[in-house]
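Understanding the architecture of this molecule
Okay, here's what each chain looks like letter by letter:
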Amino acid sequence: MTITSNPAEDRAADSGILPFPMDRAAGCPFDPPPRLQAQQQEKPLVRVRLWDGSTPWLVTRHADQRALLGDPRVSADITRPGYPRSAPSNGRNNISFILMDDPEHARLRRMVTGSFAVKRVQAMRPAVQRIVDDQIDDMLAGPNPVDLVQAFALPVPSLVICELLGVPYDDHDFFQRNSSALVKQSLSVEERTAAHGALLGYLDDLMGEKLARPADDLLSSLATRVKDGELSREEAAQMGVLLLLAGHETTANMIALGTVALLEHPDQLALLRDADDPKVIAAAVEELLRYLNVTHSGRRRVALEDIEIAGEVIRAGEGIVLPNEIANRDPEVFTDPDHLDLERDARRHVAFGFGVHQCLGQPLARLELQVVYSTLYRRVPTLRLATEVEKLPYKHDGAVYGVYELPVAW
């Protein structure tokens, strides 16, 4: 495609620019949109048109995404001109350090990194196992059929992140409702702003409690940094919003969507259900993360300098969209990528991103999924869908993909 120095002229002149996001509703609920898959083979770097008329670059190949995500000439700062926003915003909904660049990104991230270190997270395994078993006990003692989302997929990661942060689980209806609204792109700016404001106010109140009566939890450690002048109270509350939101929303959707995928692939479900080797279970989780990808709005960046890549030049100030779901289906990296194969080595997936901004909470997410996937189907071996897979209400309108409801029986 022709690249001009005037983005407005480029948008007007180039009728071949594709819309983004692309429709995935007509295809397999686990697969990227067919147009996105075709684009990866035809022209892996192309301009697309967003909701606001801007035309950032869409990057579809695995190698190109990793190169750009690890390139210091690429910025994650949402306040920079040219940043390709995924939806309208009033500018007040920025979610803490994930939308900042170093050194501020690194300064804030370091304050919580220790809580998500692999060894510390692994020490939580017995507690996570108890939570999973308790939720299964409650589910089996209740109605049959049941909505697995409400009975299991949402409570498990919510209970885990509440325990880690020091958030009262009794408030789960409030923060789950507002978290869901915050990532639902079909809602108005005002509705999403109200949800963010409600969560921010809630975390600010909690921070006040931790300042007065600290406990052994992550929010209390942030409160200590506020007392010491390392962090403002507003920064601490914003970090709390990020951790609470990310700590349950994506994992809950992976639990539910993973269950759908496994029930639709009974041979793969049998491999996981019968496995007792932790390495086999860990590998299965990596493949499910590669195959499913619950973040479907694409990672967003903006170029700080001209960057030559894939035969094109991304100019300074131009936006970049990197959809991880298509990078994880790149046949150059994963053989037969549209096939779910729990025995493949899927560790090179980019479900958690790449580079300095890769997901902070990935050790915890992996742990929860390993415990869930190795426990649920073993304890409920007759688990089955209580409706047709085509009739499930998929989250086509959100930044985090999954199902709104998952009726199951046993």
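To be clear, the structure that these remarks concern was listed above.
What this report covers is the structure whose coordinates are included nearby. (Residues numbered from 1 in each chain as written. Predicted model: local features only at pLDDT ≥ 70, side-chain atom pairs only at ≥ 80, totals over all residues. Heavy atoms only, no water.)

Overall, antiparallel pairing links the three strands, which are arranged β5-β11-β10 in an open sheet. Across the chains shown, the open sheet's two edge strands, defined by having one partner strand only, are β5 (146-147) and β10 (384-385). Here β5 pairs with strand β11 (residues 407-409) via two bridges, running antiparallel. Paired with Val146 across the bridge in β11 is Val408. (Pairing = 2+ DSSP bridges. Helix = DSSP H or I, 4+ residues; strand = E, 2+ residues; numbered from the N terminus.)

With that out of the way, let us pick up the sheet that holds strand β4 (residues 74-75). Read from one edge to the other, the open sheet built from six strands follows the order β1-β2-β3-β9-β6-β4, with strand pairing classed as mixed. On the outer flanks of this sheet lie β1 (18-19) and β4, each paired with one strand and no other. As paired strands, strand β3 (residues 57-59) and strand β9 (residues 319-322) are joined by two bridges and run parallel to one another. Among the inter-strand pairings, Leu58 is bridged to a residue of β9, identified as Val321. The strands touched by helix α3 (residues 62-69) are β3, β4, β6 (299-303) and β9; relative to β9, the strand with the most contacts, the crossing angle is about 130 degrees. (Contact = heavy atoms within 4.5 Å. Axes fitted to C-alpha atoms, helices over the stretch in contact; angles between N-to-C directions.)

Another point: the side chain of Thr193. Tracing the backbone through its elements, the reader meets Thr193 in helix α10 (residues 189-212). The buried category is assigned to Thr193, whose relative accessible area is 16%. Of note is the side chain of Thr193, whose polar atom sits 2.7 Å from the backbone oxygen of Val189. (Buried < 20%, exposed > 50% of the residue type's maximum accessible area, 1.4 Å probe, protein only. Polar contact = N/O pair within 3.5 Å; in protein donor to acceptor, adjacent residues only side chain to side chain.)

Now for the packing of helix α8 (residues 155-165) against helix α16 (residues 362-379). For the pair α8 and α16, interaxial distance at closest approach is 11 Å and the crossing angle is 140 degrees. One way to sum up the angle between α8 and α16 is to call them oblique. Considering the relative orientation of α8 and α16, their crossing is right-handed. From α8, Val156, Pro157, Val160, Ile161 and Leu164 reach across to α16, where they touch Leu364, Glu368 and Val372. Broken down by class, the residue content of the contact of α8 with α16 amounts to seven nonpolar, no polar and one charged. (Parallel < 35°, antiparallel > 145°, perpendicular 65-115°, else oblique. Left-handed = near helix turned anticlockwise from the far one by under 90°. Nonpolar A, V, L, I, M, F, W, Y, C, P; charged D, E, K, R; others polar.)

Evaluated as defined, the whole model comprises zero disulfides. Between Cys162, a cysteine without a disulfide, and Cys359, which holds the nearest cysteine sulfur, the sulfur-to-sulfur distance is 17 Å. Residue classification places Cys162 among the buried positions, given a relative accessible area of 4%. Relative accessible area serves as the criterion here: at 32%, Cys359 is assigned to the partly exposed category. (Disulfide = S-S within 2.5 Å.)

Extensive coverage of α8 is indicated by the burial of nine of its eleven residues. Among the residues of α8, Pro155, Val156, Pro157, Ser158, Val160, Ile161, Cys162, Leu164 and Leu165 are the ones counted as buried. Downstream of α8 by a residue or two, Gly166 has a phi angle that is positive, lying close to 90 degrees.

Moving on, we get to the environment of Glu368. Structurally, the position occupied by Glu368 is in helix α16. Along the backbone, Glu368 and Val356 are twelve residues apart, and their C-alpha atoms lie at a distance of 23 Å. When neighbours within four sequence positions are excluded, Glu368 is seen to be in contact with Val128, Val156, Pro157, Val160, Gly247 and Thr251.

For any pair of aromatic rings, the description rests on two quantities: the centre-to-centre distance and the angle between the ring planes. This model, assessed by the stated rule, comprises four aromatic pairs. Aromatic pair Phe30 and Tyr291: ring centres 6.0 Å apart, planes at 40 degrees, arrangement tilted. Of this pair, Phe30 sits in the loop between β1 and α2 (34-42) while Tyr291 sits in helix α14 (residues 278-292), and the two are 261 residues apart along the sequence. Across this residue pair, the class does not change: Phe30 and Tyr291 are buried. Ring plane angle 15 degrees and centroid distance 6.3 Å describe the contact between Tyr373 and Tyr377, whose orientation is recorded as stacked. Separated by four residues within a single helix, Tyr373 and Tyr377 lie in helix α16, roughly one turn from each other. By relative accessible area, which is 1% here, Tyr373 ends up buried. For Tyr377, a relative accessible area of 2% puts it in the buried group. (Phe/Tyr/Trp six-rings, centres within 6.5 Å; stacked < 30°, edge-to-face > 60°.)

This part covers the pairing of strand β2 (residues 45-49). Across a regular strand the side chains alternate sides, sitting on one face of the sheet and then on the other. In terms of burial, β2 is largely enclosed, as four of its five residues are buried. Summarising the sheet, β1 and β2 pair through two bridges and their orientation is parallel. Bridge pairing in β2 links Leu18 to Val48. The pairing of β2 with β3 spans three bridges and is classified as antiparallel. Residue pairing for β3: Leu45 is matched across the bridge by Val59.

What follows covers unusual backbone geometry. Cis rather than trans, the peptide bond between Asp102 and Pro103 has omega equal to 10 degrees. Examined against the element boundaries, Pro103 turns out to sit in the loop between β4 and α4 (104-113). Asn144 connects to Pro145 through a cis peptide bond whose omega is 10 degrees. Along the chain, the position of Pro145 falls in the loop between α6 (125-140) and β5. At Ala310, a residue that is not glycine, the phi angle is positive and equals roughly 55 degrees.

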